[in-house]
Amino acid sequence: MAAARAAELGFVEAAPAWRLRSEQFPSKEFASVQPRAGGSDRRDCPVGDTDIPPPPLAVFRNQLPRKNDFYSYEPPSEDPPAETGDRVRLQLPSGAHLCRVCGCLGPKTCSRCHKAHYCSREHQTLDWRSGHKQACTPSDYLDRTIPDHNFLFPEFEIVIETEDEITPEVVEKEHESEILGSMGEALEEELDSMAKHESKEDKIFQKFKTKIALEPEQVLRYGRGIAPVWISGENIPQEKDIPNCPCGAKRIFEFQVMPQLLNHLKADRLGRSIDWGVLAVFTCAENCRLGTGYTEEFVWKQDITNTP
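Draft legend 1. Structural detail: the overall build of the chain. Broken down by element type, the chain carries 5 helices and 10 strands. Out of the 308 residues belonging to the chain, those deemed buried represent 32%. If you take every contact in the chain between residues at least 6 apart in sequence, the share linking residues at least 24 apart comes to 68%. Surface accessibility of the chain: about 19,500 Å² in total, with carbon and sulfur atoms responsible for 52%.

Draft legend 2. Examining the environment of Ala6 more closely. Take Ala6: it is sitting in the segment before strand S1 (8-13). Ala6 gets classed as partly exposed once you look at its relative accessible area, which sits at 30%. Along the sequence, Ala6 and Asp164 sit 158 residues apart, while their C-alpha atoms lie 7.5 Å from each other. Once residues within four sequence positions are removed from consideration, Ala6 is found in contact with Thr162 and Glu163.

Draft legend 3. Fine view of helix H1 (residues 121-135). For H1, spanning 15 residues, the distance from its first C-alpha to its last is only 18 Å, which falls clearly below the expected 21 Å at 1.5 Å a residue. Those residues of H1 that fall on the buried side of the exposure criterion are His123, Asp127 and His132. Check the buried side of H1 and you find it contacts strand S5 (117-118).

Draft legend 4. Focus on helix H4 (residues 200-212). Helix length check: H4 (13 residues) gives 19 Å between terminal C-alpha atoms against 18 Å at 1.5 Å per residue, within 8%. What H4 keeps buried is the set Ile204, Phe208, Thr210 and Ile212.

Draft legend 5. Local environment of the pairing of strand S9 (residues 278-284). Of all 7 residues in S9, 7 are buried, a share of seventy percent or more. Where strand S8 (residues 251-257) meets S9, 6 bridges bridge the pair, whose relative direction is antiparallel. Bridge pairing links Val257 to Leu279 in S9.

Draft legend 6. Quick look at the confidence of the model for the chain. Considering every residue of the chain, the mean pLDDT works out to 74; 66% of them sit at 70 or more. The least confident element of the chain is helix H2 (residues 168-181), whose mean pLDDT is 48; the most confident is S8, at 96. Within the model, the stretch residues 33-55 combines pLDDT values under 50 with 49 contacts to residues more than four positions away or in other chains. When the criterion is pLDDT under 50, residues 178-184 qualifies, and its contacts beyond four places in sequence or with other chains add up to 2 contacts.

Draft legend 7. Representation of the packing of aromatic side chains. Tallied over the full model, the rule gives 3 aromatic pairs. Pairing Phe282 with Phe298 gives two aromatic rings, centres 6.4 Å apart and planes at 50°, and the pair type is tilted. With Phe282 in strand S9 and Phe298 in strand S10 (residues 295-302), this residue pair connects regions lying 16 residues apart in the sequence. For Phe282, a relative accessible area of 8% corresponds to the buried category. Judged by centre distance (6.2 Å) and plane angle (45°), the rings of Phe298 and Trp300 are tilted. Connected via pairs of aromatic rings, a cluster forms that spans Phe253, Phe282, Phe298 and Trp300.

Draft legend 8. Representation of the side chain of Arg251 in the model. Turning to its location among the elements, Arg251 is positioned in strand S8. Here Arg251 falls in the buried class, since its relative accessible area comes to 11%. Here Glu296 takes part through its backbone oxygen, which lies 3.0 Å from a polar atom of the side chain of Arg251.

Draft legend 9. Looking closely at the pattern of salt bridges. Summed over the entire model, instances satisfying the criterion amount to 10 salt bridges. Through salt bridges with shared partners, a single ionic network connects Arg19, Glu78 and Glu157.

Thresholds applied
Residues numbered from 1 in each chain as written. Predicted model: local features only at pLDDT ≥ 70, side-chain atom pairs only at ≥ 80, totals over all residues. Heavy atoms only, no water. Helix = DSSP H or I, 4+ residues; strand = E, 2+ residues; numbered from the N terminus. Buried < 20%, exposed > 50% of the residue type's maximum accessible area, 1.4 Å probe, protein only. Contact = heavy atoms within 4.5 Å. Areas by Shrake-Rupley, 256 points an atom, 1.4 Å probe, with all protein chains shown as cover. Expected span 1.5 Å × (residues − 1). Pairing = 2+ DSSP bridges. pLDDT = per-residue confidence, 0-100. Phe/Tyr/Trp six-rings, centres within 6.5 Å; stacked < 30°, edge-to-face > 60°. Polar contact = N/O pair within 3.5 Å; in protein donor to acceptor, adjacent residues only side chain to side chain. Salt bridge = Lys/Arg side-chain N within 4 Å of Asp/Glu carboxyl O.

This is how it looks when you write it as structure tokens:
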């Protein structure tokens, strides 16, 4: 029997702003969006002006061939660009302007200075109150220092490492066999009896804890086609729960976002509660390319406890 393929683990690491630009990861991108209640169903930005209730979570895949109209054919340089510091880029090489608040396409313009661009009226209002009111001027100069709107999550680089082949679970089993071999038969029977009374929920949670014990800081587990590591015995999806890709192919597991990421998001400053146990992302098994835009994939949210 072939050995199970090891997962790739992702760890948060601080990085300069230029390392977080899209040209640094042109091969395959995922964007996860959690729209606010009453927001738009638009896919480019989680804010709008309609009353259509949005889904609680959505994930999008953008996959391009190496030769494309957006990125260089050659791999991105590992050296910082010639431009100074962490200057915010508000215009793409194609000429398209970006929103000063969220970085999405900004087709709307400040009517006073005609220099500041926004994706929506909501973000224009937010920026006006956060400092653009003082910096707004009709001249050719516009302060490019973007204030902290307390709106976006902090950004980090995800560093990838391969999970060790010897997991804590294997180590524990080795130790367990040594211990049981040195103890009497009566104690072994008592342990078996205790195991029978252990619930399925307890076993799955213990397996989750054991699996991440060697690398407790992991925020991402990537393994296309492998099994997710669930945190709870409840709300585990069946095959029928995972919809097929629009191309007709089945979707398979590709990666999961771990609850440890919550420690880095500073979500409390948004005045909202954001929580999850596991976010498991399932993508097209055929790796289809449906044009150059974003394709919506499927995300399954499993909470730590199933509360009403």
